[in-house]
Amino acid sequence: MPRAAHRLPAAVRRRRRHNACLGLLAWLCGLFFFVPVAWMVLTSFHSETDAATNPPSLGAPLTLHGYREFFGEGSGVSPWPPLINSLTASVVSTLLVLALAVPAAYALSIKPVRKWRDVLFFFLSTKMLPLVAALLPIYLVAQAAGMLDNIWLLVILYTSMNLPIAVWMMRSFLAEIPVEILEAAAIDGAGLRTTLTRIVAPVAMPGIAATALISFIFSWNELLFARVLTGVVAGTAPVFLTGFVTSQGLFLAKVCAAATVISLPVLIAGFAAQDKLVQGLSLGAVK
């Protein structure tokens, strides 16, 4: 007994050292991803001369010139149409993804269909084709349908791109819902719509929030289809950002200011749904 009591503090010390090392490693990983973002934000408040210095100057005077240039003070080009286009395509496609993914995941998890594993593999197989390989056929179809430079074409594409991932995510979330709750709802006479809206949705809200946020981020950041299939009318924020790389050169402060503004909606959405996102991404991780 005394020997066991003597060994206990050593075990506790080892566990604490292990936890401290893991915590330090987590902080280092966080700083590794945070420092470039912080550097971009800091550079956006510098003048072009200070931003182009090598090595960069940390103590350079701050200015809002890059943000004024982004909002069209010198060129007269407004960023609001591309931002509104990105917001429209991202929000509408995310809502459509949730409206389609939740019933599909319900059918594949709580009310499993026959050969549901084959169905899930089919959803996953749609992500195996590189997007650039499908670009030419989609362009020709959109051209024949007269939908080039149309924001609703991007809504359809973003919905189809994010739906397989959303179904896979929502299935893992819905599989964790106790069957007894659904059986009690069925005994009380709840139909499918009532079960989905009043029983499944509140319980799986963290998973729905995580799925919605990931779908929103993927849609907001998409560049390839938006660059090729849109023009003046339906151009999105990432396409607008590429316009700052001109033949005159790369104006670093203005590009950093533009990148900061365009990143804000995703950051705001992430912070607003942070608690739901953590719960949703960890739901179903431990069986």
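Everything quoted here is computed from the prediction, not taken from an experiment.

Here we take up the overall build of the chain. Across its full length, the chain carries 14 helices and 2 strands. Its C-alpha radius of gyration of 25 Å places the chain more than 25% over the 19 Å reference for a compact globule of 287 residues. Counting only C-alpha atoms and orienting by the principal axes, one finds that the chain spans roughly 70 × 70 × 35 Å. For the chain, with 287 residues in total, the buried portion stands at 34%. When contacts within the chain are restricted to residue pairs at least 6 apart in sequence, long-range pairs at least 24 apart make up 75% of them. For the chain, the computed accessible surface area is about 17400 Å², with 70% contributed by carbon and sulfur atoms. Taken as two groups, the 20 positive and 12 negative side-chain charges of the chain have centres that lie 17 Å from each other.

By secondary structure assignment, the location of Thr63 is in the loop between α2 (48-51) and α3 (65-70). Ignoring sequence-local partners within four residues, the contact set of Thr63 consists of Ser44, Phe45, His46, Ser47 and Arg68. Polar contacts involving the side chain of Thr63 include one to the main-chain amide nitrogen of His65, which spans 3.2 Å.

Moving on, we get to unusual backbone geometry. Positive phi, close to 55°, is recorded for Asp149, a residue that is not glycine. Mapped onto the fold, Asp149 is located in the loop between α6 (135-145) and α7 (151-174).

What follows covers the packing of α7 against helix α10 (residues 205-221). Here α7 crosses α10 at 155°, and the two axes come no closer than 10 Å. Of the possible angle classes, the one that applies to α7 and α10 is roughly antiparallel. The interaxial crossing formed by α7 with α10 has right-handed handedness. Taken together, the residues of α10 that come into contact with α7 (itself represented by Tyr158, Asn162, Ile165, Ala166, Met169, Met170 and Phe173) are Gly207, Ile208, Ala210, Thr211, Ile214, Ser215, Phe218 and Ser219.

Right, let's talk about the packing of aromatic side chains for a bit. The full count for this structure, using the stated rule, is 8 aromatic pairs. Measuring from ring centre to ring centre gives 5.1 Å for Phe45 and Tyr67, while their planes differ by 40°; the resulting arrangement is tilted. Here Phe45, found in the loop between α1 (2-44) and α2, pairs with Tyr67, found in helix α3; they are 22 residues apart in sequence, far enough to count as distant. When the centroid spacing of 5.8 Å and the interplanar angle of 40° are considered together, the rings of Phe71 and Trp80 count as tilted.

The interhelical angle for the contact between helix α4 (residues 80-109) and α10, taken along N-to-C directions, is 140°, at an axis separation of 9 Å. Relative to α10, α4 is oriented so that their crossing is right-handed. Residues Leu83, Ser86, Leu87, Ser90, Val91, Ser93, Thr94, Val97 and Leu98 of α4 pack against Ile208, Thr211, Ala212, Ser215, Phe216, Ser219 and Trp220 of α10. When its residues are assigned to classes, the contact of α4 with α10 shows 9 nonpolar, 7 polar and no charged.

Cut-offs used in this document
Residues numbered from 1 in each chain as written. Predicted model: local features only at pLDDT ≥ 70, side-chain atom pairs only at ≥ 80, totals over all residues. Heavy atoms only, no water. Helix = DSSP H or I, 4+ residues; strand = E, 2+ residues; numbered from the N terminus. Rg over C-alpha atoms; globule rule 2.2 N^0.38 Å. Buried < 20%, exposed > 50% of the residue type's maximum accessible area, 1.4 Å probe, protein only. Contact = heavy atoms within 4.5 Å. Areas by Shrake-Rupley, 256 points an atom, 1.4 Å probe, with all protein chains shown as cover. Lys, Arg positive; Asp, Glu negative; His and termini not counted. Charge placed at Lys NZ, Arg CZ, Asp CG, Glu CD. Polar contact = N/O pair within 3.5 Å; in protein donor to acceptor, adjacent residues only side chain to side chain. Axes fitted to C-alpha atoms, helices over the stretch in contact; angles between N-to-C directions. Parallel < 35°, antiparallel > 145°, perpendicular 65-115°, else oblique. Left-handed = near helix turned anticlockwise from the far one by under 90°. Phe/Tyr/Trp six-rings, centres within 6.5 Å; stacked < 30°, edge-to-face > 60°. Nonpolar A, V, L, I, M, F, W, Y, C, P; charged D, E, K, R; others polar.

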